[in-house]
Amino acid sequence: MNKKKGYVFVWPISTRIIHWIIALSFTAAFVSSFTEAYLHHHVAFGWIFGVMLGYRILWGLYGPRYATFNTFRLGLSDLIWYFKEKIQNRWRKIPAGHNPASSWFTIIVLVIGSIIVLSGLLLYGVQEAKGIFLFLNKDHYTHMFVLNDVHIYASYFLAFWAVIHISGVLIEQFYHKTGMLFAMITGYKRTDGEDTDISAFGLSASYAFILLSILAFYHIAVSPDSFFTHSRYAPIDYEKEHAALSRDCGECHKVYPPFMLPRDSWKRLMDGLDEHFNERITELNISKSSRESIRAYLYANSAEHSSREIACKMLKSIGSHSPISTSKVMYWRETHADITPEVYKRDSIKSRANCAACHIDFEHANMDDVNIHIPD
Ligand code: HEC
Ligand code: HEC
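Residues numbered from 1 in each chain as written. Chains lettered and ligands numbered in written order. Predicted model: local features only at pLDDT ≥ 70, side-chain atom pairs only at ≥ 80, totals over all residues. Heavy atoms only, no water.

### Observations concerning the nonpolar core
Then, number 1: Counting residues in hydrophobic clusters, the biggest one holds 30 residues, and the most contacted among them are Y238, L245, F259, I294, I310 and M314.
Then, number 2: Listed by contribution, the elements that provide at least two residues to this core are helix 10 (243-248), helix 11 (263-271), helix 12 (288-300) and helix 13 (309-318).
Then, number 3: Ignoring any residue separated from it by four or fewer positions in sequence, one finds I310 in contact with F259, M260, Y331 and M367.
Then, number 4: By size, the runner-up hydrophobic cluster in this structure holds 22 residues, among which are F26, I48, L53 and L158. (Core = buried A, V, L, I, M, F, W, Y, C linked by side-chain atoms within 4.5 Å. Buried < 20%, exposed > 50% of the residue type's maximum accessible area, 1.4 Å probe, protein only. Helix = DSSP H or I, 4+ residues; strand = E, 2+ residues; numbered from the N terminus. Contact = heavy atoms within 4.5 Å.)

Spelled out as structure tokens, the structure:
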């Protein structure tokens, strides 16, 4: 029996909440992805999106009437017939569950969405050495570029796909006048069929998943070092790591992390200490044995031996050259392109090479976005 005349109750409250959480978390993750400083939030929204997507797949297998995959209409001829009727504006009746177009739409959201979530988690592990896949960083960091492309293109596709979906709903609403816009708000559709009902178990499971996704979000958003975001890399204490490097090279500037330049660059730099950026460093400044030991340490920890994102991107950008200054490298220039030359002239900064002026934890080789502050 239908409770409301002329209408069928198709989407119970939990289905509607799940739908909107999926839509909003994707939008938030998409928007936050454009600012590196919000990577943390991007990951948190991505987790909500992922948990809800996973639940929507379970829902498609075990959920209530109209939501399950076996009620989807995926035949090609159904789809063609549906569009023909729609274009001619003949078929004004909408099915209670998913029509052929929205069946396909949902399947593609689930597939592409899963690709986005998985590639995102892998990318976070491989490139940033963070999160649940951080262990993959060590051996697989060179795949970061491929994963990045998959993640980005899939996300753009899903954003485009969402626009098509919204357009479809608006066409239904204003051209075919089926009142579709309100179905995902009120749960009712103007059509024929039986009302859906949801079991107490289904309802509790839905709320449990909704709660789970919100808790995951909260946990990630408030704690900088959560299970979902902790990093493989601890801050480096160069004094403990290598006393001579910290003492002798740290005399005029903070230690430049060895993983930022390739071995050939360090060789050039160490061979040319008597003309080091207009400074003459002699054996009175740094003894022969210190030099040898520093050189060995720089070689052993050069960019080729690191699986950090920065090392990988520096190497790719440097190619076969061997610059001795990081700020000359194209990757460096690209990441700092938004900073105007005047900024470097400030008394608090003075030089591009004064990395520690803006990267407040530079001395521990930490260049994370949360640790950047451009001084006035
Ligand atoms: C006598 C002072 C002094 C000492 C000692 C010194 N440096 Fe430097 N270093 C400089 C100056 C000055 C610059 C140029 C900074 C600028 O461009 O503003 C520089 C720049 C650098 C740069 C380039 C920074 C960039 O990316 O643009 C690297 C790398 C570097 N030094 C490494 C070392 C290492 C390794 C040692 C120890 C073997 C060392 N320095 C010891 C004075 C020193
Ligand atoms: C005037 C301030 C300033 C100085 C000086 C500066 N940086 Fe940066 N750096 C930034 C800002 C701001 C960003 C973030 C850019 C963005 O995300 O859009 C950044 C980003 C980076 C990144 C990319 C980090 C990431 O995870 O994406 C690296 C690596 C980096 N800086 C290294 C250096 C090094 C090495 C030096 C010194 C040779 C240096 N920076 C000097 C402000 C500065």
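### Notes on the domain arrangement of the protein chain
Bring the parts together and some accessible area is lost; that lost area is often taken as the interface size.
Then, number 1: On domain assignment, one finds that the protein chain holds domain 1 (8-222) and domain 2 (238-371).
Then, number 2: Taking only C-alpha atoms into account, the centre of domain 1 sits 45 Å from that of domain 2.
Then, number 3: With 10 residues of domain 1 at the contact, the number on the domain 2 side is nine residues.
Then, number 4: For the domain 1 and domain 2 pair, buried surface summed over both sides reaches about 900 Å², with 55% attributable to carbon and sulfur atoms.
Then, number 5: When residues of domain 1 are sorted by the area they lose upon contact with domain 2, Q127, Y141 and F145 head the list and together hold 50% of the total.
Then, number 6: Ionic pairing is found between D368 and K130, a salt bridge with its closest N-O pair at 3.2 Å.
Then, number 7: Counting every contact that joins domain 1 to domain 2 gives four residue pairs in polar contact (both at pLDDT 80 or more). (Domains from an automatic or database assignment. Buried area = accessible area lost by both parts, 1.4 Å probe. Salt bridge = Lys/Arg side-chain N within 4 Å of Asp/Glu carboxyl O. Polar contact = N/O pair within 3.5 Å; in protein donor to acceptor, adjacent residues only side chain to side chain.)

### Remarks on the packing of aromatic side chains
Then, number 1: Evaluation of the coordinates by the stated rule reveals 17 aromatic pairs.
Then, number 2: Relative to F49, the ring of F26 has its centre 5.6 Å away and its plane inclined at 45°; by these criteria the two rings are tilted. In this pair, F26 is assigned in helix 1 (residues 13-32) and F49 in helix 2 (residues 39-62), connecting sequence segments 23 residues apart.
Then, number 3: For F49, a relative accessible area of 4% gives the class buried.
Then, number 4: Ring geometry for Y256 versus F362: centroids 6.0 Å apart, planes at 70°, classification edge-to-face. One end of the pair, Y256, is in the loop between helix 10 and helix 11; the other, F362, is in the segment after helix 16 (355-358), with 106 residues separating them in the sequence. (Phe/Tyr/Trp six-rings, centres within 6.5 Å; stacked < 30°, edge-to-face > 60°.)

### Thoughts on the pattern of salt bridges
Then, number 1: Under the criterion given, the structure shown has seven salt bridges.
Then, number 2: Taking the shortest distance from any N to any O, the salt bridge between R73 and D78 comes out at 3.8 Å.
Then, number 3: Of the residues examined, R73 reaches a relative accessible area of 26% and is grouped as partly exposed.
Then, number 4: One continuous salt-bridge network, built from bridges that share partners, spans K267, D271 and R295.

### With respect to unusual backbone geometry
Among all residues save glycine, negative phi is the norm, and among peptide bonds the norm is trans.
Then, number 1: Even without glycine at this site, N278 takes up a positive phi of about 70°.
Then, number 2: Inspection of the secondary structure puts N278 in the loop between helix 11 and helix 12.
Then, number 3: Judged by its relative accessible area of 83%, N278 falls in the exposed class.
Then, number 4: For K350, which is not glycine, the phi torsion reads 75° and is therefore positive.
Then, number 5: By relative accessible area, K350 is classed as exposed at 66%.

### Observations regarding helix 3 (residues 76-87)
Then, number 1: Helix length check: helix 3 (12 residues) gives 17 Å between terminal C-alpha atoms against 16 Å at 1.5 Å per residue, within 8%.
Then, number 2: Within the sequence span of helix 3, burial applies to L79, Y82, E85 and K86. For helix 3, the arc enclosing every buried residue in end-on projection is 135°, short of the 170-degree limit, so these residues lie on one face. In this structure, helix 3 carries L76, S77, K84 and I87 as exposed residues pointing more than 90 degrees from its buried face.
Then, number 3: One or two residues past the end of helix 3 sits N89, with phi positive at roughly 50°. (Expected span 1.5 Å × (residues − 1). Arc of directions from axis to C-beta.)

### So, the coordination of the iron atom of ligand 1
Then, number 1: Coordination of the iron atom of ligand 1 by the protein involves H253 (NE2) and H276 (NE2), with metal-donor separations of 2.0 Å.
Then, number 2: Viewed at the metal, the six donor atoms of the iron atom of ligand 1 are separated by angles of 87 to 179°, and the geometry they form is octahedral. On the criterion of sequence distance, the pair formed by H253 in the loop between helix 10 and helix 11 and H276 in the loop between helix 11 and helix 12 is long-range, its members being 23 residues apart.
Then, number 3: Given a relative accessible area of 13%, H276 falls into the buried group. (Donors = N, O, S within 2.8 Å, 3.2 Å for Na, K, Ca; no water. Tetrahedral: all angles 85-135°; square planar, octahedral: opposite > 155°, others 65-115°.)

### A closer look at the site of ligand 2
Then, number 1: Around ligand 2 sit 23 residues, and of these W332, H336, C355, C358 and H359 come closest.
Then, number 2: The side chain of W332 places a nitrogen or oxygen atom 3.3 Å from a nitrogen atom of ligand 2.
Then, number 3: For ligand 2, a nitrogen atom lies 2.7 Å from a polar atom in the side chain of H336.
Then, number 4: Residues that form the shell around ligand 2 fall into these classes: 15 nonpolar, five polar and three charged. (Near = heavy atom within 4 Å. Nonpolar A, V, L, I, M, F, W, Y, C, P; charged D, E, K, R; others polar.)

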